[in-house]
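Given next are the chains, with one letter for each unit.
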Amino acid sequence: MDQNPNFKTGLPAVGADHVISGGDTTSPRPPPVVDLSGEELQVYEYLCESLRLAGIEHLTAGMPIAVIVRTFCDWIKASKMCAEKGRTQVSKTGWVTPLPWADDEKRLKMELGQWLPKACLTIPSLARVRKDTGERGGQDDLFGDLVAHATSSPGRRSIN
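How should the environment of Asp-24 be read in this particular structure?
Within the element layout of this structure, Asp-24 appears in the segment before helix 1 (38-54). Along the backbone, Asp-24 and Arg-52 are 28 residues apart, and their C-alpha atoms lie at a distance of 8.6 Å.

Quick look at the structure:
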């Protein structure tokens, strides 16, 4: 079994550690203590790029995204082991039991099912956020009305 699976297929190259999209959505750096591998960094960047393209604010989500990345990469490894070595073993008496990596694969898949919606990485969770915040939700501007009033006043136009 390959201990370092290759996740490069279909994933974009890892960019800088702090990437800004064409819009105003910024991605966080991976948490420094986590020490993501090269493959994990590719998945991290892929998830951040997906969130940027969707316009989902995620600047403070570095740690949850890192957890999702680790869980996803571990799930891929367990899935490969299931495909290569099988899911069950049969004892001499005919008792069938699941292999450890099959249990890991099932558990990690369930964990991903819990984490992905929390990070807005499923279609239903993205649709819910869009419904609640609008197409381009964002942080409220506390002084927006005051600035708009000041810049639209007749006295300001005559100064320019």
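Looking at this model, I keep getting lost on unusual backbone geometry. Mind explaining?
Most of the time, phi is negative for any residue but glycine, and the peptide bond is trans. Located in the positive-phi region is Asp-35, a residue other than glycine, with phi close to 50 degrees. Locating Asp-35 in the fold gives a position in the segment before helix 1. Located in the positive-phi region is Cys-120, a residue other than glycine, with phi close to 65 degrees. Looking at the element boundaries, Cys-120 is found in the loop between helix 3 (100-118) and helix 4 (123-133). A relative accessible area of 10% places Cys-120 in the buried class.

Which parts of the structure should I look at to understand the packing of helix 2 (residues 62-85) against helix 3?
How two helices pack is summed up by the angle between their axes together with the distance between the axes. It is at 8 Å that the axes of helix 2 and helix 3 come closest, and there the two elements cross at 150 degrees. Classified by the angle their axes make, helix 2 and helix 3 are roughly antiparallel. Considering how the two elements wind past one another, helix 2 and helix 3 form a crossing that is left-handed. The residues of helix 3 that touch helix 2, namely those facing Pro-64, Val-67, Ile-68, Thr-71, Phe-72, Asp-74, Trp-75, Ala-78, Ser-79, Met-81, Cys-82 and Lys-85, are Trp-101, Ala-102, Asp-104, Glu-105, Leu-108, Lys-109, Glu-111, Leu-112, Trp-115 and Leu-116. For the contact of helix 2 with helix 3, the residue count by class is 14 nonpolar, two polar and six charged.

Would you mind showing me how to read the packing of aromatic side chains here?
How two aromatic rings sit relative to each other is given by the distance of their centres and the angle of their planes. Under the definition given, this model contains one aromatic pair. Between Phe-72 and Trp-75, the ring centres sit 6.0 Å apart and the planes meet at 45 degrees, which makes this aromatic pair tilted. Here Phe-72 pairs with Trp-75, and both are found in helix 2, just three residues apart, close to one helical turn. When its relative accessible area of 29% is taken as the criterion, Phe-72 is described as partly exposed.

Explain the side chain of His-58 here, please?
Tracing the backbone through its elements, the reader meets His-58 in the loop between helix 1 and helix 2. Exposure remark for His-58: the relative accessible area of 3% places this residue in the buried category. Looking at His-58, its side chain comes within polar contact range of the side chain of Ser-27, at 2.7 Å. Setting aside residues no more than four positions away along its own chain, His-58 makes contact with Thr-25, Thr-26, Ser-27, Pro-28, Cys-48, Leu-51, Arg-52 and Ile-65.

Is there a simple way to think about the pattern of salt bridges in this case?
Should their charged atoms come close, side chains of opposite charge can pair. If you walk through the whole model with that rule in mind, you get five salt bridges. Of the charged contacts in the structure, one is a salt bridge between Glu-111 and Arg-107, with a shortest N-O distance of 2.9 Å. Here Glu-111 pairs with Arg-107, and both are found in helix 3, just four residues apart, close to one helical turn.

I keep staring at the nonpolar core and nothing clicks. Help me out?
Grouped burial of nonpolar side chains is what soluble globular proteins tend to show. Ranked by size, the top nonpolar core spans 16 residues in total, and within it Tyr-44, Leu-47, Ile-65 and Val-69 carry the most contacts. Of all elements in the fold, only helix 1 and helix 2 reach the threshold of two or more residues within this core. For this core, the element with the most residues is helix 1, which contributes six residues. Those residues in contact with Tyr-44 that lie beyond four places of it in its chain are Pro-28, Arg-29, Pro-30, Leu-36, Gly-62, Ile-65, Ala-66 and Val-69. Of all hydrophobic cores here, the second largest spans five residues; its members include Met-81, Cys-82, Leu-99 and Trp-101.

Before we go on, may I ask you to explain the side chain of Glu-45 in this structure?
As for its position among the elements, Glu-45 is in helix 1. A residue is classified by how much of its surface remains accessible, and Glu-45, at 9% relative accessible area, is buried.

Scoring rules and cut-offs
- Residues numbered from 1 in each chain as written.
- Predicted model: local features only at pLDDT ≥ 70, side-chain atom pairs only at ≥ 80, totals over all residues.
- Heavy atoms only, no water.
- Helix = DSSP H or I, 4+ residues; strand = E, 2+ residues; numbered from the N terminus.
- Buried < 20%, exposed > 50% of the residue type's maximum accessible area, 1.4 Å probe, protein only.
- Axes fitted to C-alpha atoms, helices over the stretch in contact; angles between N-to-C directions.
- Parallel < 35°, antiparallel > 145°, perpendicular 65-115°, else oblique.
- Left-handed = near helix turned anticlockwise from the far one by under 90°.
- Contact = heavy atoms within 4.5 Å.
- Nonpolar A, V, L, I, M, F, W, Y, C, P; charged D, E, K, R; others polar.
- Phe/Tyr/Trp six-rings, centres within 6.5 Å; stacked < 30°, edge-to-face > 60°.
- Polar contact = N/O pair within 3.5 Å; in protein donor to acceptor, adjacent residues only side chain to side chain.
- Salt bridge = Lys/Arg side-chain N within 4 Å of Asp/Glu carboxyl O.
- Core = buried A, V, L, I, M, F, W, Y, C linked by side-chain atoms within 4.5 Å.

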